[in-house]
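# Descriptive analysis of the structure
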Amino acid sequence: MPNSFYITTPIYYVNGKPHIGHAYTTTAADAAARFQRAKGKQVFFQTGTDEHGQKVLEKARERGMEPMAHCDDMVVHWKEMMERLQISYDRFMRTTDPEHMKAVQGVLQMLHDRDLLYKQGYVGWYSPSAERFWTEKDLIDGKCPDTGQPVQKVEETNWFFKMSQYQQRLVDHIEANPGFIQPESRKNEVLGFLRQELGDLCISRPKARMSWGIEFPFDEDYVTYVWFDALLNYLTGIGYRPDGSTQHEAFWPADFQLIGKDILTTHAVYWTTMLMAMEVPLPKCIYAHGWWMSHDGRKMSKSLGNVIDVELLRRNFGLDATRYFLLREIAFGADGHFSYDGFLGRYNTDLANDLGNMAHRGLSMTSNWLGGTVPAYGASTGHEEALVALAGEKLKEFDAQMEGLQFHKALDAIMDVVRATNKYIDTTEPWALNKAGNVDALNTVMRTVLEVSYFATMALECVIPNKAAELFGKVGKTTEQARADLVAALHVGVDFQALEEGAAVEVGDPLFPRFRKQPEEIAELLEAAKAAEAAAKPAKKSKKKKKSKVKEPITFEDFSKLDLRVGEVLSGEKHPDADKLLVLKVSLGEEQPRQIVAGIASKFSVDDLVGRKVVVVANLAPATIRGVESQGMIMAAGGKEVVDLVAVDANVGEVVR
Ligand code: MSP
């Protein structure tokens, strides 16, 4: 449908309760869905739970429950999280839904009929934590390369999907559709992965070993692999049935499928090749965002115990502030660290000082000096025109960034207008105008500030729906009117003529009061933040670091001998002969990528690095390191222990000075 917009989140495992990572993807999808709805699109927003597989079965057993009863019990927590975060989903999909299960069986039958499935003996390593198979060479120290958790050797006969035959078609599709996998670094990662030969995909588990799944329609001894089942939810949820019916076409292909970078291969390779086999078009975009990390650089996850419960943030700071923080704090696509201080800082600057303060100033001065109604414009103070122009430009930017899911930039664009308006208030000094009895100019300033308050919240409504509605009420508008005004402003531009002259304004409490709670009032939150931080610390006691002495000075001439370049890591593997070394292929924009041996394996896996931009010493004489040639050096921070890489966001091959 031309006016449709379909957005999905991953469906979450019901082996644990939700945390900041899950809240993050879901809030991002929600903001995008709300924005598109406000713009008049026919939106379908789907999220849900992934309820089959070994992990869920083990959890149910651990709790002494039947798996279905366990799922029914756990799903309550997920729905509760969504309700608390005011997630406006259209469908909450559960893979135990009978209609979904029937459709999955239909797809299996269809692929079987098309001779795209076969049965074969198999030896592999199964990671229950990632719910996927690995080959022996994938393992890191004998553990799952994704989760670091133990794997189980599996020797069994299984059903396979002929995934390998779609390899070239998938590469071609990715190359022909630059926006298909985003961000760019993730696209490169997938292309890097597809440079190796793609195998076929094991899509079953013998019931004798693991029975909690959807039975194969043509082989009752097997259930389907949890990912095969789960990925199909994106289609079955919008009515796809493998019987030629077309209901799903109202929303398919999806506009955005949001995922965390942990599940890139399953989506960009397994899902897309499944779709090819089913002869269903591929989604328009698979967008892999980054991770919320703890201080030690590890992904926040339930199993590490270093997660922050979003509910605590919501209870202490309010829902809108929590949603704003999640989307503003880190670039969508990059990793970010959570810290309590970071949260407080963002709250106090953006929300309390900038947005909240601006609105409160406008409302209270209007009420104190202008009888509490929206004034008509008086004479210009000479500063309004620039503010209107800025708002027009920033709204366009907001729109473009929201369309591209760059929430942090979209929010900042609106905050630019808010900050400029606070400066405008300081410059025009309405208190002085009031004192001097210059009502004409005072009317203009107050009207302008009220208009900006409305303008900003109207744009931010998809992120801060409650505070926005509160502000609309204070200036005599409804949410419906605000959405219509937003669409009008996007179409015909911003003129700061949206409010109705004479409408009563209401001051009330500031939208975001400055956070002044005493530590004992937020003890619960502080404790949780501390516990997450403690869990993040590496198990071994960290030795006190000696500060390394600055070396003897060098001349500029010495320094300028260094040729530093921006490189992009294309692929890599572990050094065959040294645990701490990685052998990486790095592009400096030259004809051939360089092979560089880097002593960073204690901190990074190859997967962490592919797609990253790094600084390379390009003119370091080649050397053979433990039998492998190295043509340059990657710059990293840290002494003996690597802490991070020196990374830049610039074009490959660029000189670093
Ligand atoms: N059930 C599979 C997905 C199947 S989709 C067909 C799964 N579930 S999960 O419960 O493990 O959720 C993974 C998702 O949660 C990630 O892709 C990401 O969206 C989110 N996050 C979990 N931890 C995260 C962080 N620490 N940071 C950001 N998001 C992460 O995988």
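All figures in this text were calculated on a predicted structure; none of them were measured in a lab. (Residues numbered from 1 in each chain as written. Predicted model: local features only at pLDDT ≥ 70, side-chain atom pairs only at ≥ 80, totals over all residues. Heavy atoms only, no water.)

## Some remarks on the overall build of the protein chain
When you go through the protein chain residue by residue, the secondary structure sums to 21 helices and 26 strands. Dimensions along the principal axes, computed over C-alpha positions, put the protein chain at roughly 90 × 70 × 50 Å. Carbon and sulfur atoms form 49% of the exposed surface of the protein chain, whose accessible area is close to 29,600 Å². Positive and negative side-chain charges in the protein chain, numbering 77 and 90 respectively, have mean positions lying 6 Å apart. (Helix = DSSP H or I, 4+ residues; strand = E, 2+ residues; numbered from the N terminus. Areas by Shrake-Rupley, 256 points an atom, 1.4 Å probe, with all protein chains shown as cover. Lys, Arg positive; Asp, Glu negative; His and termini not counted. Charge placed at Lys NZ, Arg CZ, Asp CG, Glu CD.)

## A look at a nonpolar patch on the surface
Together, Ile554, Phe556, Phe559 and Leu562 make up an exposed nonpolar region whose accessible area comes to about 430 Å². By the element assignment, Leu562 lies in the loop between helix H20 (556-560) and strand E17 (564-574). (Patch = residues over 30% accessible without salt bridge, like charges linked within 9 Å, V, L, I, M, F, W, Y side chains within 5 Å. Salt bridge = Lys/Arg side-chain N within 4 Å of Asp/Glu carboxyl O.)

## Observations regarding helix H3 (residues 67-84)
When the terminal C-alpha atoms of H3 are compared, their 26 Å separation across 18 residues agrees well with the 26 Å that a helix rising 1.5 Å per residue should span. Those residues of H3 that are buried are in contact with strand E2 (12-13), helix H1 (20-38), strand E3 (42-50), helix H2 (54-62) and strand E4 (91-94). One or two residues past the end of H3 sits Gln86, with phi positive at roughly 55°. (Expected span 1.5 Å × (residues − 1). Contact = heavy atoms within 4.5 Å.)

## A short note on the site of the ligand
Taken together, 23 residues sit near the ligand, with Ile11, Thr25, Asp50, Trp292 and Met300 positioned nearest. Contact between the ligand and Gly260: an oxygen atom at 2.9 Å from a main-chain N or O atom of the residue. Asp262 places a side-chain nitrogen or oxygen 3.2 Å from an oxygen atom of the ligand. Starting from 670 Å² of accessible surface for the ligand in isolation, the protein chains cover 95%. Where the shell around the ligand is concerned, the elements lending two or more residues are E2, H1 and helix H7 (226-231). Broken down by class, the residue content of the shell around the ligand amounts to 12 nonpolar, 8 polar and 3 charged. (Near = heavy atom within 4 Å. Polar contact = N/O pair within 3.5 Å; in protein donor to acceptor, adjacent residues only side chain to side chain. Nonpolar A, V, L, I, M, F, W, Y, C, P; charged D, E, K, R; others polar.)

## Quick notes on the sheet that holds strand E5 (residues 117-127)
Strand pairs in the sheet, formed through backbone hydrogen bonds, run parallel or antiparallel to each other. Spatial ordering of the open sheet is given by E6-E5-E7-E9, a layout of 4 strands whose pairing is antiparallel. What marks the edges here is a single partner per strand, and that holds for strand E6 (132-134) and strand E9 (201-202). Across 3 bridges, E5 lies against E6 in antiparallel orientation. Residue pairing for E6: Ser127 is matched across the bridge by Arg132. Contacts from helix H9 (residues 264-278) reach E6, strand E7 (152-161) and E9, with the element oriented near 30° to E7. (Pairing = 2+ DSSP bridges. Axes fitted to C-alpha atoms, helices over the stretch in contact; angles between N-to-C directions.)

## Let's talk about helix H4 (residues 98-113)
Here H4 spans 22 Å end to end across 16 residues, near enough to the 22 Å set by a 1.5 Å rise per residue. Inspection of H4 places His100, Ala103, Val104, Val107, Leu108, Met110 and Leu111 among the buried residues, and these make up the whole buried set. Viewed end-on, H4 has its buried residues packed into an arc of 160°, placing them on one side of the element. Along H4, the residues that are exposed and aim more than 90 degrees away from the buried face are Pro98, Lys102 and Asp113. (Buried < 20%, exposed > 50% of the residue type's maximum accessible area, 1.4 Å probe, protein only. Arc of directions from axis to C-beta.)

## Description of the pattern of salt bridges
Pairs may arise between side chains of opposite charge once their charged atoms sit close together. The tally for this structure, following the rule as stated, stands at 44 salt bridges. Here Glu279 makes a salt bridge to Arg114, at a shortest N to O gap of 3.9 Å. In this pair, Glu279 sits in the loop between H9 and strand E14 (286-289) while Arg114 sits in the loop between H4 and E5, placing the two residues 165 residues apart along the sequence. When its relative accessible area of 63% is taken as the criterion, Glu279 is described as exposed. Under the relative-accessibility criterion, Arg114 is labelled partly exposed at 34%. Put simply, Asp115 and Lys162 hold a salt bridge, and the shortest N to O gap is 3.8 Å.

## Overview of the sheet that holds strand E11 (residues 215-216)
Spatially, 3 strands are ordered E10-E12-E11 in an open sheet, and the strand pairing comes out antiparallel. Strands at the two margins of the open sheet, each flanked by one partner only, are strand E10 (204-206) and E11.

## Remarks on the pairing of strand E1 (residues 4-8)
For E1, the buried fraction is high: 5 of the 5 residues fall into the buried class. Side-chain alternation along E1 places Ser4, Tyr6 and Thr8 on one buried face and Phe5 and Ile7 on a second face that is also buried. The sheet contact formed by E1 and E3 spans 5 bridges and is parallel. Each bridged residue has a counterpart across the sheet, and for Thr8 the counterpart in E3 is Gln46. Relative to strand E13 (residues 256-260), E1 runs parallel, the two being bridged by 2 bridges.

## Concerning the packing of aromatic side chains
Here the structure, examined in full by the defined rule, presents 36 aromatic pairs. Geometry around Phe92 places Lys79 over its ring, the cationic atom sitting 5.0 Å from the centre. One Lys or Arg, Arg132, reaches over the ring of Trp134 and ends 3.8 Å from the middle of that ring. (Phe/Tyr/Trp six-rings, centres within 6.5 Å; stacked < 30°, edge-to-face > 60°. Lys NZ or Arg CZ within 6 Å of the ring centre and 35° of its normal.)

## So, the environment of Asp72
Tracing the sequence through the fold places Asp72 in helix H3. Taking C-alpha positions, Asp72 is 45 Å from Ala359, a pair spaced 287 residues apart along the chain.

## Describing the side chain of Lys477
Relative to the helices and strands, Lys477 resides in the loop between helix H17 (465-474) and helix H18 (479-492). On the basis of relative accessible area, Lys477 is assigned to the buried category, the value being 15%. At a separation of 2.8 Å, a polar atom in the side chain of Lys477 contacts the main-chain carbonyl oxygen of Ala498. If we skip the residues at most four places from it in the chain, Lys477 touches Tyr454, Phe472, Asp485, Ala498 and Leu499.

## Here we look at the confidence of the model for the protein chain
Across the protein chain, the average pLDDT comes to 92, with 98% of residues at 70 or higher. In this model, residues 539-545 is a region of pLDDT below 50 whose contacts with residues beyond four sequence positions or in other chains number 1 contact. (pLDDT = per-residue confidence, 0-100.)

## Side note on unusual backbone geometry
The residue after Gln182, namely Pro183, is reached through a cis peptide bond having omega -5°. Even without a glycine there, the phi angle at Glu279 is positive, about 60°. The backbone of Glu429 shows a phi angle near 45°, a positive value even though the residue is not glycine. Looking at the secondary structure, you find Glu429 in the loop between helix H14 (407-428) and helix H15 (430-435).

## Some details on the packing of helix H13 (residues 384-403) against helix H16 (residues 439-460)
At a minimum axis separation of 12 Å, H13 and H16 run at an interaxial angle of 5°. Regarding the angle of H13 to H16, the classification is roughly parallel. Every residue of H16 that contacts H13 at Glu384, Leu387, Ala391, Leu395 and Phe398 is listed here: Thr444, Thr448, Val452, Phe455 and Ala459. (Parallel < 35°, antiparallel > 145°, perpendicular 65-115°, else oblique.)

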